[in-house]
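As a plain string of letters, each chain reads:
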Amino acid sequence: MSERTPFFPARERRLRLAELGVLDRRRTLVGLVLALALPAIVELAVVATGYNNFPIIMLLQLVAAVLVAVVGGLWPAVTAAVVAALVLNWFSTDPVGSFVVAEPEAVVELAVFLAVACSVALAVGASVRRYEQATRAAAESDAMSELALGILGSTADTEEFLERVRATLGLRAVTLLARHTDDDEGRLGGAAAPPGALRRGGWDVLASVGEAPPVTHAAADDAVAPDGWYTLLAAGRRLDPGERRMMQAFGAYFVAMRQRAQLVRSREDNRRLVEGNTIRTAILRAVSHDLRTPLAGIKLSVSSLRQPAVEFAPDEEAELLATIEDCTDRLALLVDNLLDMSRITADTVRPLLQPVHWREVLPRVLPEGGRVVDVIPPHSPPVDADPVLLDRVVANLLENALRYAPGQVVEFTARAGSPGPDGRPCGELRIIDHGIGVPPQDLLTIFRPFQRLGDAPARGGVGLGLAVAKGFVEAMGGRIEAEETPGGGLTMVVSLPLSQGAAPGGEGQRREDADGRLP
């Protein structure tokens, strides 16, 4: 059942007499001029035409009073009604040319005319005022809706937000204050004051726009506090109630923006904490097993060689030394991958991109032996890459292919790839093995840190090689994917944007720090 509309509006929504009487100064002045002129013009036109139908003349004067009410509001309309009554009395009521009324019926007619004219003027004035209020409310609603969509759908900074507020309300300047607190993260939305921010009476000046922006409440023409932490100062004029509501809404949008930014930061911090905990747990697991195993091999080999009572044959001594070398290489690879993964997780990888040919990488990463076949086309275009990072990527992918395809040949080939997210054309390096392969459901998860095929212990790693390769490729603006090799096996596809500059000569330029490690 629909709600019944009340006969009279609520007290707080009723129009006051002052609101009915004055629309604005210009319209009131124009209405007063018409109030004096229109009744006289109507009566002069009637006299000039010789028309003497008194009821029709009264209706014409009533129309004139309504027109005056539409233009100037209540008081000009009342003035027009009084002037029209006097004009009717002078020109159309016997005796003509005098304000004396000979017949009582004429007095009643004039009184009724005056009452009707004032009532109609009152109703028209109320309608005009309500129309103005509705128009203003609609404009405010449109402005707030547009601002809300613009704010909530953008990543604009605080200055741009304040400029939107200033331009919408037509102010000279707007300033945003935040209550000062020693615990900036305790403030709603985490609005920490920027370095060097002004502080006035327990308030931090976060931002300001416009000419001569105020920095204290006393210097502002008006102030709006959307919540207990923030205050918007307005300069240029005082705000009317509707504009104060708009600025209050703008402040609420700003608080919502801050809260959303804080939630995003909190979610990112939580993600990093989870990743950090995962890495720490995996490091402990690696130390307890994967790092202890090669250390035990080194310890055993060194202890054997140091036995004074045992004399080893040359081939036995060479085998023990090879064991030490192999275990040392495994330790170095494990430590490098752990350190690289920590850099990727902390988002501190900063590649130095330059044109690099795929074929330039191979001599630096190919192991000794004949299990790798190079079928890269000789005229493949260069890609934008960091040579050192690309070396690590290809080395990790090749090491993974050789481990899971024992006795099989690994092929390197290149071709044009699909454009990247930014529309730039890409080149692809494909590392193809014919080993045991990976189940289709695991193709998307093999790049996660500390993942190994079948989750089984593997010689020489903690499951970080592919994760490091993926992190370095993405840091260089590319992507890496895994595909099934036709006939069995796994194909790793590295896609990087094609270079738009000149290719470097020779072996390319390498970046290494004083210790020979990645910067």
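Here, residues in each chain are numbered from 1, in the same order as that chain's written sequence. Note on the predicted model: pLDDT of at least 70 is required for a residue's local features to be given, and 80 or more for side-chain atom pairs to be given and counted; whole-chain, interface and lining totals, by contrast, use all residues. Excluding hydrogens and water, the side-chain figures rest on all heavy atoms present in the structure.

**Q** What is the right way to look at the pattern of salt bridges in this model?
**A** For side chains bearing opposite charge, pairing can occur when the charged atoms are close. We define a salt bridge as a side-chain nitrogen of Lys or Arg found within 4 Å of a carboxyl oxygen belonging to Asp or Glu. Enumeration according to the criterion identifies 12 salt bridges in this entry. One salt bridge connects Arg 271 with Glu 268, and the closest N-O pair in it is separated by 2.3 Å. Taken together, the residues span about one helical turn, with Arg 271 and Glu 268 both in helix 7 (residues 241-290) at a distance of 3 residues. The residue Arg 359 makes a salt bridge to Asp 374 at a minimum N-O spacing of 2.6 Å. Numbering of helices and strands starts at the N terminus; helices are DSSP runs of H or I of at least 4 residues and strands are runs of E of at least 2.

**Q** Can you walk me through the side chain of Thr 491 in this structure?
**A** Its place among the elements puts Thr 491 in strand 12 (residues 490-497). Taking the relative accessible area as the measure of exposure, Thr 491 reaches 3% and is therefore buried. Only 2.7 Å separates the side chain of Thr 491 from the side chain of Thr 485, close enough to count as a polar contact. Ignoring any residue separated from it by four or fewer positions in sequence, one finds Thr 491 in contact with Arg 430, Ile 431, Ile 432, Glu 481, Ala 482, Glu 483 and Thr 485. The buried label applies to any residue whose accessible area, calculated with a 1.4 Å probe on protein chains only, is under 20% of its type's maximum; exposed applies above 50%, and partly exposed to all values in between. Polar contacts, as counted here, are pairs of nitrogen or oxygen atoms within 3.5 Å of one another; within protein the pair requires one atom able to donate a hydrogen and one able to accept it, and residues that are adjacent in sequence qualify only if both atoms are side-chain atoms. Pairs of residues are marked as contacts when any of their non-hydrogen atoms sit within 4.5 Å.

**Q** I'm lost on the pairing of strand 3 (residues 203-210) in this one. Help?
**A** Successive residues of a regular strand alternate their side chains across the two faces of the sheet. When you tally the buried positions in strand 3, you get 6 out of 8 residues, the bulk of the element. Strands qualify as paired when DSSP identifies two bridges or more between them. With 7 bridges connecting them, strand 1 (residues 173-179) and strand 3 associate as antiparallel partners. Counted as the bridge partner of Leu 176 is Ala 207 from strand 3.

**Q** Help me out: how do you make sense of the environment of Ala 65 in this one?
**A** Within the fold, Ala 65 resides in helix 3 (residues 54-72). Beyond its immediate chain neighbours, meaning those up to four positions away, Ala 65 contacts Ala 77, Ala 80, Ala 81 and Ala 117.

**Q** Honestly, the packing of helix 11 (residues 387-404) against helix 12 (residues 465-475) in this entry has me stumped. Any pointers?
**A** How two helices pack is summed up by the angle between their axes together with the distance between the axes. As a packed pair, helix 11 and helix 12 sit with axes 9 Å apart at the nearest point and diverge in direction by 150°. Comparing their axes, helix 12 and helix 11 come out roughly antiparallel. Helix 12 is crossed by helix 11, and the crossing has left-handed handedness. Of the residues in helix 12, those touching helix 11 at Leu 389, Arg 392, Val 393, Asn 396, Leu 397 and Asn 400 are Gly 465, Leu 466, Val 468, Ala 469, Phe 472 and Val 473. Only Asp, Glu, Lys and Arg are considered charged, only Ala, Val, Leu, Ile, Met, Phe, Trp, Tyr, Cys and Pro nonpolar, and every remaining residue, Gly among them, polar. For the contact of helix 11 with helix 12, the class distribution of residues is 8 nonpolar, 3 polar and 1 charged. Comment: axis = line fitted to C-alpha atoms, over the contacting stretch for helices; angle = value between 0 and 180 degrees taken between N-to-C directions. Angular relationships are summarised with four words: roughly parallel below 35 degrees, roughly antiparallel beyond 145, roughly perpendicular across 65 to 115, and oblique for the angles in between. Each helix crossing is assigned a hand: it is left-handed if the near helix lies turned anticlockwise from the far helix by less than a right angle, otherwise right-handed if that turn is clockwise.

**Q** Just to check I follow, could you spell out the sheet that holds strand 10 (residues 426-432) for this structure?
**A** Paired through their backbone hydrogen bonds, the strands of a sheet run either parallel or antiparallel. Pairing is mixed in the open sheet, where 5 strands are placed in the order 7-9-10-12-11. Two strands in the sheet have a free side with no partner beyond their single neighbour: strand 7 (372-374) and strand 11 (479-484). Across the sheet, the mean angle from the axis of one strand to that of its neighbour is 25°, orientation sign disregarded. In this structure, strand 10 lies alongside strand 12, joined through 7 bridges in antiparallel fashion. In the strand pairing of strand 12, Cys 426 is matched with Pro 497. Along the sheet, helix 10 (residues 358-365) contacts strand 7, strand 9 (410-417), strand 10 and strand 12; its crossing angle with strand 10, the most-contacted strand, is approximately 35°.

**Q** Just to check I follow, could you spell out the environment of Ala 81 for this structure?
**A** Mapped onto the secondary structure, Ala 81 falls in helix 4 (residues 74-91). Sequence separation of Ala 81 and Cys 118 is 37 residues, and the distance between their C-alpha atoms is 6.6 Å. Once residues within four sequence positions are removed from consideration, Ala 81 is found in contact with Ala 65, Phe 113, Leu 114, Ala 117 and Cys 118.

**Q** What exactly am I supposed to notice about the side chain of Ser 495 here?
**A** Within the fold, Ser 495 resides in strand 12. Taking the relative accessible area as the measure of exposure, Ser 495 reaches 3% and is therefore buried. Not counting residues up to four positions away in its chain, the partners in contact with Ser 495 are Gly 427, Glu 428, Val 473, Gly 478 and Arg 479.

**Q** Explanation requested: the pairing of strand 9 in the structure shown.
**A** Relative to strand 9, strand 7 is paired through 3 bridges, and the arrangement is parallel. Paired with Val 372 across the two strands is Val 410, which belongs to strand 9. Pairing between strand 9 and strand 10: 7 bridges, direction antiparallel. By the bridge assignment for strand 10, Gly 417 is matched with Cys 426.

**Q** I keep staring at the nonpolar core and nothing clicks. Help me out?
**A** Across soluble globular proteins, you tend to see nonpolar side chains buried next to one another. Residues enter a nonpolar core if they are buried and are Ala, Val, Leu, Ile, Met, Phe, Trp, Tyr or Cys, with the set joined through side-chain atoms within 4.5 Å. One finds Trp 358, Leu 390, Leu 397, Phe 412, Met 492, Val 494 and Leu 496 to be the most contacted residues of the largest nonpolar core, which totals 41 residues. When residues of this core are assigned to their parent elements, the largest contribution, 7 residues, is made by helix 11. If we ignore the near neighbours within four places in the chain, the residues touching Leu 496 are Trp 358, Val 383, Asp 384, Ala 385, Leu 390, Cys 426, Gly 427, Val 473, Met 476 and Gly 478. The next biggest cluster of nonpolar side chains, apart from the first, holds 22 residues, and it includes Phe 161, Leu 162, Val 165 and Phe 254.

**Q** It is not clear to me how helix 8 (residues 292-305) should be interpreted in this structure. Could you clarify?
**A** Here a helix's expected span is defined as the number of its residues, less one, multiplied by 1.5 Å. The end-to-end C-alpha separation of helix 8 is 20 Å, in line with the 20 Å expected for 14 residues at 1.5 Å each. Within helix 8 the residues assigned to the buried category are Pro 294, Gly 297, Ile 298, Ser 301 and Ser 304. Each buried residue of helix 8 lies within a common arc of 135° when the element is viewed along its axis, so the set occupies one face. The outward face of helix 8, more than 90 degrees from its buried face, is lined by the exposed residues Arg 292, Lys 299 and Leu 300. This arc corresponds to the set of directions leading from the helix axis out to the C-beta atoms.

**Q** Just checking my understanding: could you explain unusual backbone geometry for this structure?
**A** Of all residues except glycine, most have a negative phi; of all peptide bonds, most are trans. A positive phi angle is found at Ala 212, which is not glycine, with a value near 45°. Here Ala 212 shows up in the loop between strand 3 and strand 4 (222-224).

**Q** Quick question: what am I supposed to make of a nonpolar patch on the surface here?
**A** Together, Leu 44, Val 47, Trp 90 and Phe 91 make up an exposed nonpolar region whose accessible area comes to about 360 Å². Taken together, the elements giving at least two residues each to the nonpolar patch come down to helix 2 (25-49) and helix 4. Along the polypeptide, Val 47 turns up in helix 2. The class for Val 47 is partly exposed, based on a relative accessible area of 47%. Residues with no salt bridge and a relative accessible area higher than 30% make up the patches, which join like charges within 9 Å and nonpolar side chains (Val, Leu, Ile, Met, Phe, Trp, Tyr) within 5 Å. Note that accessible areas follow from Shrake-Rupley with a 1.4 Å probe, and for residues the cover is restricted to the protein chains shown.

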